[in-house]
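A look at the structure
Single-letter residue listing:
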Amino acid sequence: MAGNGDATEHPVLAVLRERLATDSQPGQRSDPHRVVLSIEGGGNRGVISGGMALALNERRFLSAFDAVYGASSGALTAAWLLSGDISTGMKAWTDPASFAPFSRLSNPIRRRPLVDLEWLIGEFYDRTLGLDAAHILASPVSIHPVATDADTGLAVDLHRHIGDKQSLHRALRASASLPLLAGKPVHLAGARYIDAGVAEAIPLDTPLAAGATHLLVLSSRKSGDLAADSAVLRAITGAWLRRTAPGAREPFLARGTRSAAVAQRLTTHSTDLALTPAMLAVRPGPDTPRVGRMEADPVVITDGLHAGHLAMTELLDANA
């Protein structure tokens with residue numbers, strides 16, 4: 001839906017290129033726009049949108065954005081992007097053996113959740129890979145992890161609760177805290193949060209409510225690929241949510257319908273250049289392999305990263 005090579009450039013790309021051409025810097029803009037990068041996650045499928053973010057960084061587009069919003073593993077990609085070392089985070093993603101403790105079947109025996117985000121972010125990302133929290137916090141391009149409030153079911157931008165490394169790590173955990181698999185909801189600033197994908201898998205309404213005028217959306221799903229939970233997953237997760245995060249149960253059960261509506265909305269805005277706010281979705285190509293939420297095959301994960309990287313580079317080259 002993006003990168004069709006038309007002579008008329010999409011307004012989102014036009015604003016980004018104008019900012020680069022004039023060396024416009026965050027916090028010192030001469031234009032009235034608020035330009036946001038929105039990153040979809042989806043567990044390990046998020047490596048696809050991660051590849052897109054990597055390509056954007058290589059082309060030095062980051063300074064043209066005012067904020068980066070991320071949902072679930074998309075929030076982790078946002079953190080790596082703003083850390084100044086996204087290549088390290090993306091490379092680690094293609095080597096599942098290196099972060100096996102993140103989702104090993106023996107975790108419950110060790111009294112850890114099956115999906116151990118505390119280990120992933122606090123131990124592997126921070127201590128092993130050196131995720132630079134200070135660089136993220138000091139970035140003039142602000143980070144906005146989105147999560148689902150466990151008691152209201154609403155999508156929440158956690159940016160205002162981030163003030164140090166500890167709260168940053170907690171916000172990232174909250175955004176990616178998969179129902180049931182990641183254990184109890186994450187507590188932050190007096191509220192409880194679970195995975196952003198329950199309420200807002202692709203940050204759209206949240207950044208728009210905060211004043212975004214232009215959104216570049218990095219989607220981890222191919223065109224036509226919509227969220228479709230099995231009956232068993234809906235039943236098991238729905239029961240867990242009823243007990244543990246009651247406000248999030250209805251949004252979870254409705255996310256298939258919501259996914260279709262969001263996809264149509266993005267298609268319309270990506271193809272109709274006159275619509276405001278301006279929204280452009282980048283999607284991986286039709287030959288992109290299926291990367292599962294809990295994908296462990298390094299070949300599939302690597303192919304997904306390359307597919308995302310290719311989609312972004314083709315978009316930028318087609319409209320150069």
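For clarity, every value in this text was computed on a predicted model and none was experimentally measured.

The rules behind these values
Sequence positions are assigned chain by chain, starting from 1 and proceeding in written order. Where local features are concerned, this predicted model is filtered to residues with pLDDT of at least 70; where side-chain atom pairs are given and counted, the filter is 80 or more; whole-chain, interface and lining totals use all residues. Side-chain numbers come from the whole structure's heavy atoms, not from hydrogens or water. Helical segments are the DSSP runs of H or I of at least four residues, strand segments are the runs of E of at least two, and each set is numbered from the N terminus. Given the number of residues in a helix, its expected span is that number minus one, multiplied by 1.5 Å. Burial status follows relative accessibility: with a 1.4 Å probe on protein chains alone, a residue under 20% of its type maximum counts as buried, one over 50% as exposed, and anything between as partly exposed. Read the arc as the range of directions from the helix axis to the C-beta atoms. We call two residues in contact when some of their heavy atoms are within 4.5 Å. Strands were regarded as paired on the criterion that DSSP finds at least two bridges between them. Side-chain atoms within 4.5 Å link the members of a nonpolar core, which is a set of buried Ala, Val, Leu, Ile, Met, Phe, Trp, Tyr and Cys residues. pLDDT runs from 0 to 100 and stands for how confident the predictor is about each residue. Each patch is assembled from residues with relative accessible area greater than 30% and no salt bridge, linking like charges that lie within 9 Å and nonpolar side chains (Val, Leu, Ile, Met, Phe, Trp, Tyr) that lie within 5 Å. To be clear on the numbers: accessible area is Shrake-Rupley with a 1.4 Å probe, and residue cover counts the displayed protein chains and nothing else. Each salt bridge in this description consists of a side-chain nitrogen of Lys or Arg and a carboxyl oxygen of Asp or Glu lying within 4 Å of one another. For Phe, Tyr and Trp, rings pair up if their centres lie within 6.5 Å, where Trp contributes its six-membered ring, and each pair is then called stacked (planes under 30 degrees apart), edge-to-face (over 60) or tilted (otherwise).

1. Description of helix α9 (residues 231-244)
Under the 1.5 Å per step criterion, the end-to-end length of α9 is 20 Å for 14 residues, consistent within 8% with the ideal 20 Å. Burial in α9 covers these residues: T237, G238, W240, L241 and T244. Buried residues of α9, seen end-on, are gathered within an arc of 165° and therefore sit on one face of the element. Exposed and facing more than 90 degrees away from the buried side of α9 are A231, V232, A235, R242 and R243. Lining the buried residues of α9 we find β6 (191-194) and α10 (249-253).

2. Digging into the pairing of strand β1 (residues 35-39)
β1 sits mainly inside the fold: five of its five residues count as buried. Covered by surrounding structure in β1 are V35, L37 and I39 together with V36 and S38, the residues of both alternating faces. In this structure, β1 lies alongside strand β7 (residues 214-218), joined through five bridges in parallel fashion. For I39, the partnering residue across the bridge sits in β7 and is L218. With four bridges joining them, β1 and strand β2 (residues 67-71) adopt parallel strand pairing. Across the sheet, the residue bridging to L37 is V68, located in β2.

3. Some points on helix α5 (residues 117-128)
Between its first and last C-alpha, α5 extends only 14 Å over twelve residues, short of the 16 Å set by a 1.5 Å rise per residue. Within α5, the full set of buried residues consists of L117, W119, L120, I121, G122, F124, Y125 and D126. On its buried face, α5 is in contact with α3 (73-83), α4 (86-93) and α7 (165-175). Looking at the residues trailing α5, positive phi occurs at G130, about 75°.

4. Thoughts on the nonpolar core
Residues L216, L218 and M312 are the most contacted members of the largest nonpolar core, which totals 72 residues. Ignoring sequence-local partners within four residues, the contact set of L216 consists of V12, L16, V36, L37, S38, L56, F65, L280, V282 and M312.

5. Section: the confidence of the model for the protein
On average, residues of the protein carry a pLDDT of 93, and 96% of them reach 70 or more. Per-residue pLDDT stays below 50 along residues 1-6; that stretch engages in 14 contacts with residues further than four places along the chain or on separate chains.

6. Some words on the environment of G74
Secondary-structure assignment places G74 in helix α3. For G74, a relative accessible area of 0% gives the class buried. When the C-alpha atoms of G74 and P145 are compared, they prove to be 8.3 Å apart, with 71 residues separating the residues in sequence. Apart from residues lying up to four places away in sequence, G74 is in contact with I39, E40 and G41.

7. Notes on the environment of L82
Within the fold, L82 resides in helix α3. In this structure the C-alpha to C-alpha distance between L82 and I143, which are 61 residues apart in sequence, comes to 7.6 Å.

8. A closer look at unusual backbone geometry
Peptide bonds are, in most cases, trans, and in most cases residues other than glycine have a negative phi. The peptide bond linking T276 to P277 adopts the cis configuration, its omega dihedral lying at -5°. In the Ramachandran plot, D23 falls in the positive-phi region, its phi being about 55° despite a non-glycine side chain. On the accessibility criterion, D23 (55% relative accessible area) is exposed. Even without a glycine there, the phi angle at R60 is positive, about 60°.

9. A few points about a nonpolar patch on the surface
Judged by side-chain polarity, L180, V232 and I236 come together as a nonpolar surface patch covering roughly 270 Å² of accessible area. Structurally, the position occupied by L180 is in the loop between α7 and β5 (186-188). The class of L180 is partly exposed, set by a relative accessible area of 39%.

10. A look at the packing of aromatic side chains
What the rule picks out here adds up to three aromatic pairs. Centre to centre, the rings of F124 and Y125 are 6.2 Å apart; their planes meet at 40°, and the pair counts as tilted. With respect to burial, F124 and Y125 carry one shared label: buried. Site record: aromatic cluster; members linked through ring pairs are W80, W119, F124 and Y125.

11. Regarding the pattern of salt bridges
Considering all chains together, one arrives at 14 salt bridges under this definition. D66 is the salt-bridge partner of R29, the closest N and O atoms lying 2.9 Å from each other. Here D66 lies in the loop between α2 (47-58) and β2 and R29 lies in the loop between α1 (11-21) and β1, a separation of 37 residues in the sequence. For the pair formed by R29 and D66, the shared burial category is buried. For R255, the salt bridge goes to D229, with nearest N and O atoms at 2.8 Å. Residue R255 is located in helix α11 (residues 255-271), and its partner D229 is located in the loop between β7 and α9; the two are separated by 26 residues in the primary sequence. Each member of the salt-bridge network shares a partner with another, and the members are R19, R29, D31 and D66.

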